[in-house]
Amino acid sequence: VPIGSTDGGRMSQAVLGRVWHLTFSSVVFAVLFFTSFTSDSGLLLGFLLIYSLTQRDMEIPCRNEIDKVELPRAVAALVSWILAALILVPLR
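On a predicted model such as this, the values are computed, not experimentally measured, just so you know. (Residues numbered from 1 in each chain as written. Predicted model: local features only at pLDDT ≥ 70, side-chain atom pairs only at ≥ 80, totals over all residues. Heavy atoms only, no water.)

1. Looking at the layout of surface pockets
Which parts of space are left empty comes out when a probe the size of a water molecule is rolled across the atoms.
Then step 1. In this structure, the largest pocket encloses a volume near 500 Å³.
Then step 2. Considering the residues around the largest pocket, the lining is formed by 19 residues, among which Ala14, Val15, Asn64, Asp67 and Val69 are closest to the centre.
Then step 3. When residues of the lining of the largest pocket are assigned to their parent elements, the largest contribution, six residues, is made by helix H1 (residues 7–16).
Then step 4. Looking at side-chain class alone, the lining of the largest pocket contains eight nonpolar, three polar and eight charged residues. (1 Å grid on protein atoms, 1.4 Å probe; cavity = no way out; pocket = protein on both sides within 12 Å on 5 of 7 lines; lining within 4 Å. Points joined across faces, edges and corners; volume = space filled by probe spheres on them. Helix = DSSP H or I, 4+ residues; strand = E, 2+ residues; numbered from the N terminus. Nonpolar A, V, L, I, M, F, W, Y, C, P; charged D, E, K, R; others polar.)

Here is the structure:
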């Protein structure tokens, strides 16, 4: 999940850059938050609660924020995010 300092968040920071990572992370957090109220399961709300309590540390800067990510790595990150979304968001 591309939020904060999780593995998906570090991928989004590497692919999108620091400013767009914060924007994308905020949008994903809001979508998961509002989706958690429409689903029957409390999985999303529980994930967001645990994330909010445990992931409050400062982000470690990337080793190299100047070079762009190659296309295969960006595609792999996109596929990983889509797979995480399909796992977390319940389909009816």
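Moving on, there is more to tell.
2. A short note on the packing of aromatic side chains
We describe a pair of aromatic rings using the distance from one ring centre to the other and the angle between the two ring planes.
Then step 1. Summed over the entire model, instances satisfying the criterion amount to four aromatic pairs.
Then step 2. Taken together, a centroid distance of 5.4 Å and an interplanar angle of 50° make the contact between Phe24 and Trp81 tilted. Taken as a pair, Phe24 in helix H2 (residues 18–38) and Trp81 in helix H4 (residues 71–88) lie far apart in primary sequence, 57 residues in all.
Then step 3. Judged by relative accessible area, which is 28%, Phe24 ranks as partly exposed.
Then step 4. Its relative accessible area of 12% is what places Trp81 among the buried residues.
Then step 5. Taking the centre distance of 4.9 Å and the plane angle of 90° together, the rings of Phe33 and Phe37 count as edge-to-face. Taken together, the residues span about one helical turn, with Phe33 and Phe37 both in helix H2 at a distance of four residues.
Then step 6. For Phe33, a relative accessible area of 32% puts it in the partly exposed group. (Phe/Tyr/Trp six-rings, centres within 6.5 Å; stacked < 30°, edge-to-face > 60°. Buried < 20%, exposed > 50% of the residue type's maximum accessible area, 1.4 Å probe, protein only.)

3. Structural notes on H4
Then step 1. Its 18 residues place the ends of H4 26 Å apart at the C-alpha level, agreeing with the 26 Å of an ideal helix rising 1.5 Å per residue.
Then step 2. Residues of H4 that are buried include every one of Ala77, Trp81, Ala84 and Leu88, and no others. Angular distribution of buried residues about the axis of H4 spans 65°; they occupy a single face of the element. Exposed side of H4, more than 90 degrees from the buried face: Leu71, Pro72, Leu83, Leu86 and Ile87 are the residues found there.
Then step 3. Next to the buried residues of H4 lie H1, H2 and helix H3 (43–54). (Expected span 1.5 Å × (residues − 1). Arc of directions from axis to C-beta. Contact = heavy atoms within 4.5 Å.)

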